[in-house]
Amino acid sequence: MYELKTKETDSSVIEFIENIDQLKKREDAFKLVEIFTETTGYKAKIWGPSIIGFGKYHYKYSSGHEGDAPIVGFSPRSAKISLYLTLGNEQREKLLKDFGKHTTGTSCIYINKVADIEIEILKSLIEQSAFFIKELYPNQE
């Protein structure tokens, strides 16, 4: 059976961030931890080797595939910072119009640095994403 690589770990978020080579990316990671924690009320946890996640939910697809994932999170990757935020497309698109410099994937938003984005819109994206996941998967943490 397939085993998920992205699992919640006991690794230290602080140590993980302190090991980021680029100073600006380290500073941005600490700022994002502050924003995500304040907005969600969840403590930051390391998921897999490089995702900082907040909250947790259990999903199960019609195919039978299931697992746990953070409700929201980010990863300070070397090229860009990946923001893991899942929203209904209409809500997401409205908020992203004034978000600042970014690119998007299916459930990821990619930014170069925190200074490129509007923090209040990021908070709205986090809130709406958390709400969407909690509605889709009720009775979770």
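Structure first, text after, so check above.
These figures come from a predicted structure and were not determined experimentally.

Let's hear about helix H2 (residues 23–40): which residues, and what values?
For H2, which comprises 18 residues, the first-to-last C-alpha distance of 26 Å matches the rise-based estimate of 26 Å (1.5 Å per residue) to within 8%. Buried within H2 are the following residues: Lys25, Asp28, Ala29, Leu32, Val33, Ile35, Phe36, Thr39 and Thr40. For H2, the secondary structure elements touched by its buried residues are helix H1 (13–18), strand S1 (44–47), strand S2 (51–54), strand S5 (72–76), strand S6 (81–84) and helix H4 (119–136). Just downstream of H2 lies Gly41, where phi reads positive at about 85°.

So what's going on with the pairing of S2? Residues and values would help.
Burial of the side chains of S2 extends over both faces: Ile51 and Gly53 are buried on one face and Ile52 and Phe54 on the other. Relative to S2, S1 runs antiparallel, the two being bridged by four bridges. Considered in S2, the bridge of Ile46 is made with Ile52. Judged from the three bridges that link them, S2 and S5 form a sheet pairing that is antiparallel. Within the sheet, the bridge partner assigned to Ile52 lies in S5 and is Phe74.

I'd love a proper account of the sheet that holds strand S7 (residues 103–104), names of residues and values included.
Pairing is antiparallel in the open sheet, where six strands are placed in the order S1-S2-S5-S6-S8-S7. The sheet terminates laterally at S1 and S7, the two strands that pair on one side only. Two elements, S6 and strand S8 (residues 108–111), share four bridges in a ladder whose sense is antiparallel. Following the sheet pairing, Ile81 is matched in S8 by Ile111. Packing against the sheet, H2 makes contact with S1, S2, S5 and S6, and its axis sits at approximately 175° to S5.

Cut-offs applied
Residues numbered from 1 in each chain as written. Predicted model: local features only at pLDDT ≥ 70, side-chain atom pairs only at ≥ 80, totals over all residues. Heavy atoms only, no water. Helix = DSSP H or I, 4+ residues; strand = E, 2+ residues; numbered from the N terminus. Expected span 1.5 Å × (residues − 1). Buried < 20%, exposed > 50% of the residue type's maximum accessible area, 1.4 Å probe, protein only. Contact = heavy atoms within 4.5 Å. Pairing = 2+ DSSP bridges. Axes fitted to C-alpha atoms, helices over the stretch in contact; angles between N-to-C directions.

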